[in-house]
Amino acid sequence: MTHPRTTPAARTDGSQDTQDTQAHGTHTAHSTPGTALTSSLDDLRRHLTTHLDPAARAWLEHALDEAAAHPGIHGPISAWELRLAEAGRRCGTAYADAARVLIFDAARAGTDALTRVYFQGTADERRAVLRALPHLVSGSGALPLVEDALRTNDTRLLTAAVGPYAARHLAPHEWRHAVLKCLFTGVPVDHVADLARRAQGDGELARMLGDYAAERTAAGRAVPEDLYRVLDLTESVTPAPGTDHPHAKES
């Protein structure tokens, strides 16, 4: 379907945070979304081994060995948790998220440990927790962390929160609101993992998008171009085998 296009609304200052530093280098808001989300742990480790300087590489290897030797949670704070705070200084901001994800993996951090780091850590550590979820948590037990991030207006946390873990586990109602939150805050929908599949044929999402577009138009504000992209996805339907209903879809 073809929609009339309007000039996208000017981004707020906060939306520039979506020019996020990702695990494989600095990505702008229009570049490939979160490699720390889409790369395997082995790929992340190979990338860091290739790109870190010798001192940073030695620090990371020591941190991973230490985490593997003393996994889980020990006392008020574990040794590997201290290394999370060092990662930015030791590895550089471009590689800190990937280093933290690898430390979580080496420490065999489960939902309890990740939850503790999330709620006690810095914004950078919270973002790394969110990026670690699809690698380390198989069930839906860590959804409260995603839901907490989606309640913030920190675009870097929002970008990490709408990754593969949310795509797999967020219920339809919460997932739709996550998509709308991206539009509200200027987070490009390219960062929403599995967007095409989950949006396909979603009439309720289409209604919400239409309401939001109408509100902005009535207020004399431009409609984000990303809204039209998602709306087009909701109108793309693959009928389920054996059904005649053109919009049959499991939410």
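Structural notes, computed from the coordinates. All residue numbers here refer to positions counted from 1 along the written sequence of the relevant chain. Where local features are concerned, this predicted model is filtered to residues with pLDDT of at least 70; where side-chain atom pairs are given and counted, the filter is 80 or more; whole-chain, interface and lining totals use all residues. The side-chain quantities take in all heavy atoms of the structure and omit both hydrogens and water.

Within the protein, the secondary structure is distributed over 14 helices and two strands. Out of the 251 residues belonging to the protein, those deemed buried represent 48%. Residues are treated as being in contact if the distance between any of their heavy atoms lies within 4.5 Å. Summarising the internal contacts of the protein: among those between residues at least 6 apart in sequence, 71% fall at separations of at least 24. In the form shown here, the protein has an accessible surface area of approximately 11900 Å², with 52% of it arising from carbon and sulfur atoms. In DSSP terms, a helix is any run of H or I states spanning at least four residues, a strand is any run of E spanning at least two, and both are numbered starting from the N terminus. The classification of residues rests on relative accessible area computed with a 1.4 Å probe and restricted to protein chains. Under 20% of the type maximum is buried, over 50% is exposed, and intermediate values are partly exposed. Values of accessible area rely on a 1.4 Å probe in the Shrake-Rupley scheme; residue burial ignores everything except the protein chains shown.

For the rest of this paragraph, the subject is helix α11 (residues 172–185). It helps to recall that an α-helix has 3.6 residues per turn; residues three or four apart then point in one direction. Here α11 is 14 residues long and its end C-alpha atoms lie 20 Å apart, about the 20 Å a rise of 1.5 Å per residue gives. Within the sequence span of α11, burial applies to W175, R176, A178, V179, L180, K181, C182, L183 and T185. Where α11 is buried, its residues touch α8 (143–150), α9 (155–161), α10 (164–169), α12 (195–199), α13 (203–218) and α14 (225–234). Phi turns positive, to about 85°, at G186, one or two residues after α11. One less than the residue count of a helix, multiplied by 1.5 Å, gives the span that helix is expected to have.

What follows is about the nonpolar core. By size, the foremost hydrophobic cluster in this structure holds 72 residues, and its most contacted members are W80, F104, L130, L133 and V146. Sort the elements by how many residues they give to this core and helix α5 (residues 93–106) lands first, with 10 residues. Here, the term nonpolar core denotes a set of buried Ala, Val, Leu, Ile, Met, Phe, Trp, Tyr and Cys residues that are joined through side-chain atoms within 4.5 Å.

Let's shift gears to the packing of α13 against α14. Contact geometry for α13 and α14: axes closest at 9 Å, N-to-C directions at 150°. Comparing their axes, α14 and α13 come out roughly antiparallel. Crossing handedness for the pair α13 and α14: left-handed. Within the contact between the two elements, α13 uses L205, A206, L209, Y212 and A213 and α14 uses L227, V230, L231 and T234. Classifying every residue of the contact of α13 with α14 gives eight nonpolar, one polar and no charged. Every angle, taken between N-to-C directions, lies between 0 and 180 degrees, and every axis is a line fitted to C-alpha atoms, over only the stretch in contact when it is a helix. When describing relative orientation, an angle under 35 degrees is termed roughly parallel and one over 145 degrees roughly antiparallel, while 65 to 115 degrees is termed roughly perpendicular and anything else oblique. Each crossing gets its hand from how the near helix is turned against the far one by less than a right angle, where anticlockwise is left-handed and clockwise is right-handed. Under the convention adopted here, Pro, Cys and the residues Ala, Val, Leu, Ile, Met, Phe, Trp and Tyr are nonpolar, Asp, Glu, Lys and Arg are charged, and Gly plus all remaining residues are polar.

Between 30 and 60 degrees the pair is tilted, below 30 it is stacked and above 60 it is edge-to-face, where a pair is any two Phe, Tyr or Trp rings, Trp via its six-membered ring, whose centres lie within 6.5 Å. What the rule picks out here adds up to three aromatic pairs. Each ring, one from W80 and one from F104, has its centre 6.1 Å from the other, and the planes form 80°; the classification is edge-to-face. Of this pair, W80 sits in helix α4 (residues 79–91) while F104 sits in helix α5, and the two are 24 residues apart along the sequence. You can call F104 buried: its relative accessible area is 0%.

All right, on to the pattern of salt bridges then. The salt bridge criterion pairs a side-chain nitrogen of Lys or Arg with a carboxyl oxygen of Asp or Glu, the two atoms within 4 Å. All told, the structure shown has 18 salt bridges when counted by the stated rule. Salt bridges sharing partners connect three or more residues here, namely D97, R100, D124, R127, R131 and R156.

Glancing now at unusual backbone geometry. In this model, R108 sits at a positive phi of 50°, which is unusual for a non-glycine residue. Relative to the helices and strands, R108 is located in the loop between α5 and α6 (111–120).

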